Amino acid sequence: MLLIGETILFSLFPVIGVKTVKVMPPLLFAASVTMLSGVILLAYVFYKKEFFTAFKKGVLIKLMGVVTFNMVIAASLIFWGMSKTSAISTSIMLQMEIIFTLIISSIFLGEKLNRYKVIGALIIFFGAAGAVFDGTSFVFNSGDLLIIAGTIFYPFGNHCAKLCFNHISPVTVISLRGIIGGTIMLTLSFIFEKYDVPALVYVKDNLLEIVIYAIGVYIISKVLWYEAYKRLDLSKTIAIGHAYPAFTIIFAYFMLGEKPSWYQVIGFAVIFVGLFVI
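Residues numbered from 1 in each chain as written. Predicted model: local features only at pLDDT ≥ 70, side-chain atom pairs only at ≥ 80, totals over all residues. Heavy atoms only, no water.

Enumeration according to the criterion identifies one salt bridge in this entry. As a salt-bridge pair, E209 and K19 come within 2.9 Å of each other at their nearest N and O atoms. Taken together, the positions of E209 in helix α13 (residues 207-229) and K19 in helix α2 (residues 12-21) put the pair 190 residues apart, joining distant regions of the chain. Classification of E209 as buried rests on a relative accessible area of 17%. (Salt bridge = Lys/Arg side-chain N within 4 Å of Asp/Glu carboxyl O. Helix = DSSP H or I, 4+ residues; strand = E, 2+ residues; numbered from the N terminus. Buried < 20%, exposed > 50% of the residue type's maximum accessible area, 1.4 Å probe, protein only.)

In the contact formed by helix α5 (residues 57-82) and helix α9 (residues 142-151), the axes pass within 7 Å of each other and the chain directions differ by 165 degrees. Taken as axis vectors, α5 and α9 run roughly antiparallel relative to one another. Handedness of the crossing formed by α5 with α9: left-handed. Facing α5, whose interface residues are A74, L77, I78, W80, G81 and M82, α9 presents G143, L146, I147, A149, G150 and T151. Split by residue class, the contact of α5 with α9 holds eight nonpolar, four polar and no charged. (Axes fitted to C-alpha atoms, helices over the stretch in contact; angles between N-to-C directions. Parallel < 35°, antiparallel > 145°, perpendicular 65-115°, else oblique. Left-handed = near helix turned anticlockwise from the far one by under 90°. Contact = heavy atoms within 4.5 Å. Nonpolar A, V, L, I, M, F, W, Y, C, P; charged D, E, K, R; others polar.)

Taken as a class, soluble globular proteins show a tendency for nonpolar side chains to be buried jointly. Counting residues in each nonpolar core, the largest one holds 51 residues, and the members touching the most others are F13, F29, F79, M82, Y213 and Y218. Those residues within four positions of F79 in sequence are excluded, and the remaining contacts are F13, V21, P26, F29, A30, Y213 and Y218. The next biggest cluster of nonpolar side chains, apart from the first, holds 20 residues, and it includes A54, A161, W225 and Y226. (Core = buried A, V, L, I, M, F, W, Y, C linked by side-chain atoms within 4.5 Å.)

A few words now on the packing of α2 against helix α15 (residues 245-256). Here α2 crosses α15 at 30 degrees, and the two axes come no closer than 8 Å. When the interaxial angle is binned, α2 and α15 end up roughly parallel. Handedness of the α2/α15 crossing: right-handed. Two secondary-structure elements touch here, α2 through L12, P14, V15, I16, V18 and K19 and α15 through T248, F251, A252, M255 and L256. For the contact of α2 with α15, a count of residues per class yields nine nonpolar, one polar and one charged.

On to the packing of aromatic side chains, then. Applying the stated criterion across every chain, the model contains 13 aromatic pairs. Both rings, one in F29 and one in Y213, keep their centres 5.1 Å apart while their planes meet at 70 degrees; by these two values the pair is edge-to-face. One end of the pair, F29, is in helix α3 (residues 26-47); the other, Y213, is in helix α13, and 184 residues separate them in sequence. Y213 sits in the buried class, given a relative accessible area of 0%. Both rings, one in Y213 and one in Y218, keep their centres 5.8 Å apart while their planes meet at 50 degrees; by these two values the pair is tilted. Both residues of the pair, Y213 and Y218, count as buried. Following the ring pairs from residue to residue traces out a cluster consisting of F13, F29, F79, Y213 and Y218. (Phe/Tyr/Trp six-rings, centres within 6.5 Å; stacked < 30°, edge-to-face > 60°.)

Further remarks concern the environment of V67. If you trace the backbone, V67 turns up in helix α5. Taking relative accessible area as the criterion, V67 reaches 0% and is therefore assigned buried. For the pair V67 and C160, spaced 93 residues apart in sequence, the C-alpha separation works out to 9.3 Å. Setting aside residues up to four positions removed in sequence, V67 forms contacts with V72, R177, I180, G181 and I184.

Now for α2. Counting buried residues in α2 gives nine out of ten residues, a clear majority hidden from the surface. Taken as a whole, α2 has its buried residues at L12, F13, P14, V15, I16, G17, V18, T20 and V21.

This part is about a nonpolar patch on the surface. Taken together, the side chains of I8, F247, I250, Y253, F254 and M255 define a hydrophobic patch exposed on the protein surface, amounting to about 600 Å² of accessible area. When residues of the nonpolar patch are assigned to their parent elements, the largest contribution, five residues, is made by α15. Here F254 is to be found in helix α15. (Patch = residues over 30% accessible without salt bridge, like charges linked within 9 Å, V, L, I, M, F, W, Y side chains within 5 Å. Areas by Shrake-Rupley, 256 points an atom, 1.4 Å probe, with all protein chains shown as cover.)

This part covers the environment of G181. The residue G181 is located in helix α11 (residues 170-192) in this model. Owing to a relative accessible area of 0%, G181 belongs among the buried residues under this scheme. Through-space distance from the C-alpha of G181 to that of V66 is 8.9 Å; in sequence the pair is 115 residues apart. Discounting residues that sit within four places of it in the chain, G181 has contacts with V67, M71 and L176.

Coordinates in, geometry out; function isn't part of it.
Rendered as structure tokens:
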């Protein structure tokens, strides 16, 4: 049930994200939602008396792993990629996280890779490949490739998060990764992104999207995901939680007017079979 709720909420990730990064610098938007989510949850962190615990040497190293892999590298690449592709393509390209998770979890994290996971991963790969087929050739734009590159780093960050759970709660991880990661991404935005108007104007004009994204996707969705992850292994959690493109296709159609191609629909259907196998 935790993952079902997470799946529906996370399906808005590509939709609201693509809509907003078309009119706002991607890193600035990413920094805004992550910092807001972190600040909102900060009161809970102090209530649980976990703030100073998180900054103990052993815990801080693991927390910075979450910040580095999941926020600074993965999120930056994915938000940048979303500015160059569609919401539906974003949701499908994010499925590559499952394949990288299975490979990395097996090689580096000691999780067993059985034949069902291998077969499921291969099915997912072919489904994702089919989704970018235009009838004559396979077409990956730069946004798709950036998103795929970002998913490579998620397994490392998620593993660091699980190690953090031995010392601090998932909510504390989400809060501090948001504040620290958001600050770093905001700095990178100021250095590398071009602003047509002051940053605060972008934030003001897109405040509703930022608030919905921060609370729905970055707080509620992630809390549900981490709580489920505490009870399941990484590859299983990823597999179940990645059925969200079905909802993304619906939301993208009504909110953005995106119409999925038959290749995208068939590609997702194949991916869903792969998820079932895993």
